[in-house]
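Results of the structural survey
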Amino acid sequence: QVQLVESGGGLVQAGGSLRLSCVHSRRAFNSLNVGWFRQAPGKEREFVAGIWWSGRTIDYADSVRGRFTISRDNAKNTVYLQMNSLKPEDTAVYFCAADLGRPTTIPSDYDYWGQGTQVTVSS
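Residues numbered from 1 in each chain as written. Predicted model: local features only at pLDDT ≥ 70, side-chain atom pairs only at ≥ 80, totals over all residues. Heavy atoms only, no water.

Examining the pairing of strand E4 (residues 33-39)
Here E4 lies mainly inside the structure; six of its seven residues are buried. Note that E4 and strand E9 (residues 92-99) share seven bridges and pair antiparallel. Note on E9: the bridge partner recorded for Gln39 is Val93. Note: E4 against strand E5 (residues 46-51), five bridges, orientation antiparallel. Across the sheet, Val34 pairs through a bridge with Ile51, a residue of E5. Hairpin connection from E4 to E5: six residues lie between these consecutive antiparallel strands, with Gly42 at a positive phi of about 75°. (Buried < 20%, exposed > 50% of the residue type's maximum accessible area, 1.4 Å probe, protein only. Helix = DSSP H or I, 4+ residues; strand = E, 2+ residues; numbered from the N terminus. Pairing = 2+ DSSP bridges.)

This is the structure:
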């Protein structure tokens, strides 16, 4: 079983930055692939960014490419999402999710989910 805990959300003005963290349970073998997703009120959950266990980027959503950066520190069992130039439309609950198979951008392909952290961007 894989457990994940997100943190780092909060209230920020448009143009500002936040760094989200996702701490996951330790694994002897580095096989955990992680994706960041978000869900805004009244909208479906959407893919934001993903990363292989090795640190190779899976993909970014077009809406965040160039503004967000995903990274990980396996020694700390943590995946990060650095969010710069935030916009009001980035407001959502952000989730990290993990999968032991081939990573994708589809929420239903991920087996493990955190509880989410709220990001609110004001104008």
